[in-house]
Amino acid sequence: MQRLHSLFILLLVAIITFSGSGLALADDIVDNVETYPIIDGEPIERVEYVDPAEVVQASSSNSGATFTFTGDGWGHRIGMSQYGARGMAQDGKNYEQILKHYYQGIKLGTRDDRDVKVRLSPSETFTIEPNGNHKLYNADNNEEVSFTGKLEFSQKSNKVVVNVNDQEITSDKGFELRATNNSNDTFAAVSQVTQGTSTVDAQYRGSFIIGVGNNRPTLTNELKMEDYLRGVVPNEMPASWNLEALKAQAIAARTYAHVQVNSNSGTLVDTVANQVYKGKATRAHSAVNWQASEHSRSDDAIKQTVGQVALDNNNNLINAVFHASSGGHTENSENVWTSSVSYLKAVNDPYDTATSPFNNWQVIVPNATIAQAVFGSRDIMVEDIQIKKRTSADSVQEVKVTGKHKTSGKAHSVVLPSGNADGLRSAFGVSLRSIKFDVERNDIFTDVTNTFSGFEEIMFLYNRGVITGYPDNSFRPNQTITRVQTARMLDRELNLSAPPSSYNLKATDITKDQSYYDLFRKMEYHGIMTGSNGKMNPGGDLTRAQMAAVLTRAFNLTKPDSVTFTYADINRDTYNQSLLKEIDTIAYHGLTTEHGDRAFRPNQTTNRVQFSRFMTRAIDESFR
């Protein structure tokens, strides 16, 4: 179930990931064919995202046609819309009115507090540092193990090993670290657990069960339902929202958790597969300061609705599914999944429309990406995507995709989805936010078709907001890239923090009144671009050696000191050793194959498509 926590991290369009073309590792040196005017050392480049209405529409024979999906809402659009709940609360509705709007014909009841087990994802070796009163037991004999301070767990020969006071104790079954009271100050810090896509240190309430896993110990956090919700609710809905919306979220989360515990033998996971659970607090591994995962406002919502759940007419717990944004109308469960559920019916949702920023989204998908996902081959050119059937709530139910083989001309067509309608969100090689969408065929850059070597890398960066192109809808791939264009692309990808206000740019050829002064302050401050002889030369060309340098610094690429490469045109004894190390580093990471008996051409300028390819490989290993 896709819910709001993902929105805290990603507010941009879905990121497209694909393998590179057959020539992905070739550097494609192409002569520059034309030049363009320079103003203040930089070509005038469009910064804003391309509006589909301004894009030149492709003819049916244009092999470079991409497809733009536009739509409303985020998630499956069944049950409660979180942005809709926010809008209703702002309109003066209470939590019971909110829940009864989104879950038709329900009533509220109560359930006793219960134990919840949440399976965590630890590293191969991890520590647990208790705060408050805890006791450690060996599961082999249930005998208490005395300890003080931090405990370190690992697995050897299918046995769990705990290092206690510098002494190793092994167990065939594992250990249990039990909290002996339920006070607010009783919790434990666990090092290096995976939450979503990040590995962090995290504090958790309750007790811990450490068992034997495949190649590492398993780790389960056991705590009371109401304490579990403290680590869930603020990570599913912003704690700053109206209290009535938070109460509705607390009851939906509590009800959903009860159902999931009943159907999963009492054990949940801490991801969207159940609900996002981050415990009490998190921090980057070994950092000093903790960032709270709980919040006092969410705690208030949980306390003020303690034990309350949503029930159907037979007093059974409902499956209280929820999503981020309905796009103005929720949907019947059978129109997205398969089963018809009495309380999961489509309702008008103007409250969502009034508050959600995720209406009128768009994502642009390369032709080859759709062809691979739909036809299983990039050798087929997608010619058209037609929506054949919708529901009254505007959810797409059936799509026909047609294309032709690039060489044989054989026609191909597929009707989607092959399963339930929700599968359309992932049917085209990207992640669409909802199945309430339209699709149009268009070209992004008039000079880059999908047969162009480097097309997929350019589209990859375009969809990440890294490149934009020029006002005439061209990309000018063979034009030499300047240092200011390079800096702008890196800053858009890395979202670099601004230097302290006291930091002044050391380079003397850029003044404070120039538009890119702050950009180069960031580049210089973060050590990505340091200039030469006190100058940044913003309008100057970027050489291939300089490209290697900025990419290794920007993406923190390293290599073992013992690993070096030979190049047909570089003398390792006389060449700049610092630049040579950075060239070796991009070769080590597979960003270039121009080594051995091949020339790297360190002093040759880099054009826009070449830098796009190298940068894409630095970001995404699948392109290497």
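Since the structure is predicted, the reported quantities are computational estimates derived from the model, not experimental observations. (Residues numbered from 1 in each chain as written. Predicted model: local features only at pLDDT ≥ 70, side-chain atom pairs only at ≥ 80, totals over all residues. Heavy atoms only, no water.)

When the pLDDT values of the protein are averaged, the result is 87; 89% of them are 70 or greater. Note that pLDDT drops below 50 for residues 1-64; the model gives that stretch 192 contacts with residues more than four away or on any other chain. (pLDDT = per-residue confidence, 0-100. Contact = heavy atoms within 4.5 Å.)

Further remarks concern the pattern of salt bridges. Summed over all chains, the structure comprises 28 salt bridges. Note that Lys224 and Asp115 form a salt bridge whose closest N and O atoms lie 3.1 Å from each other. In this pair, Lys224 is assigned in strand β15 (residues 218-224) and Asp115 in strand β4 (residues 115-120), connecting sequence segments 109 residues apart. For Lys224, a relative accessible area of 34% translates into the label partly exposed. (Salt bridge = Lys/Arg side-chain N within 4 Å of Asp/Glu carboxyl O. Helix = DSSP H or I, 4+ residues; strand = E, 2+ residues; numbered from the N terminus. Buried < 20%, exposed > 50% of the residue type's maximum accessible area, 1.4 Å probe, protein only.)

Sheet strands associate in pairs through backbone hydrogen bonding, adopting either a parallel or an antiparallel arrangement. Sheet architecture is open: eight strands sit in the order β10-β9-β8-β5-β12-β13-β17-β18, paired in antiparallel fashion. In this open sheet, the two edge strands, each paired with only one partner strand, are β10 (167-171) and β18 (291-292). Where strand β17 (residues 281-284) lies against β18, two bridges are found, and the strand directions are antiparallel. The residue bridging Ala281 from the neighbouring strand is Ala292, located in β18. (Pairing = 2+ DSSP bridges.)

Before going further, it helps to examine helix α2 (residues 82-90). α2 sits mainly inside the fold: seven of its nine residues count as buried. Restricting attention to buried positions, one finds in α2 the residues Gln82, Tyr83, Gly84, Ala85, Gly87, Met88 and Ala89. Capping the start of α2, Ser81 holds a side-chain oxygen 2.9 Å from the backbone nitrogen of Gly84, two or three residues further along. Following α2 by one or two positions, Gly92 adopts a phi angle in the positive range, close to 95°. (Polar contact = N/O pair within 3.5 Å; in protein donor to acceptor, adjacent residues only side chain to side chain.)

So, on to the nonpolar core. Across soluble globular proteins, nonpolar side chains show a tendency to be buried alongside one another. Membership of the largest hydrophobic core comes to 58 residues, with the highest contact counts inside it found for Phe69, Met80, Tyr103, Ile385, Phe428 and Phe437. Broken down by element, this core gets its largest block of residues, six residues, from helix α6 (residues 243-263). Ignoring anything within four residues of it in the chain, the contact list for Phe69 reads Trp361, Gln362, Val363, Val365, Ile370, Ile385, Phe428, Leu432, Phe437, Asp438 and Val439. Grouped together as the second largest cluster of nonpolar side chains are 55 residues, Ile510, Phe555, Phe565 and Phe600 included. (Core = buried A, V, L, I, M, F, W, Y, C linked by side-chain atoms within 4.5 Å.)

Mapping His323 onto the fold places it in strand β20 (residues 322-323). Using a relative accessible area of 0% as the deciding quantity, one classes His323 as buried. Within the structure, His323 has its side chain in polar contact with the backbone oxygen of Ile78 (distance 2.9 Å).

The next subject is unusual backbone geometry. Cis geometry is found at the peptide bond from Leu416 to Pro417, where omega equals 5°. Positive phi, normally seen in glycine, also occurs at Asn315, with a value near 65°. If you trace the backbone, Asn315 turns up in the loop between β19 (308-311) and β20.

Read from one edge to the other, the open sheet built from seven strands follows the order β7-β6-β11-β14-β15-β4-β16, with strand pairing classed as mixed. With partners counted over all chains shown, the strands left at the sheet margins are β7 (143-145) and β16 (267-269), one partner each. Going from strand to strand, the sheet's axes swing by 30° on average, the running direction of each strand aside. Relative to β15, strand β14 (residues 207-211) runs antiparallel, the two being bridged by five bridges. (Axes fitted to C-alpha atoms, helices over the stretch in contact; angles between N-to-C directions.)

Describing two packed helices takes the angle between their axes plus the distance from one axis to the other. As a packed pair, helix α13 (residues 544-554) and helix α14 (residues 577-588) sit with axes 8 Å apart at the nearest point and diverge in direction by 70°. Comparing the axis directions of α13 and α14 gives the class roughly perpendicular. In contact with Ala545, Met547, Ala548, Ala549, Thr552 and Arg553 of α13, α14 contributes Leu579, Glu582, Ile583, Thr585 and Ile586. (Parallel < 35°, antiparallel > 145°, perpendicular 65-115°, else oblique.)

Glancing now at the environment of Lys522. Its location among the elements puts Lys522 in helix α12 (residues 517-525). Taking relative accessible area as the criterion, Lys522 reaches 15% and is therefore assigned buried. Linking Lys522 and Leu496, residues 26 residues apart in sequence, is a C-alpha distance of 6.9 Å. What Lys522 contacts, discounting residues up to four positions off in sequence, is Asp491, Leu496, Ser497, Ala498 and Pro499.

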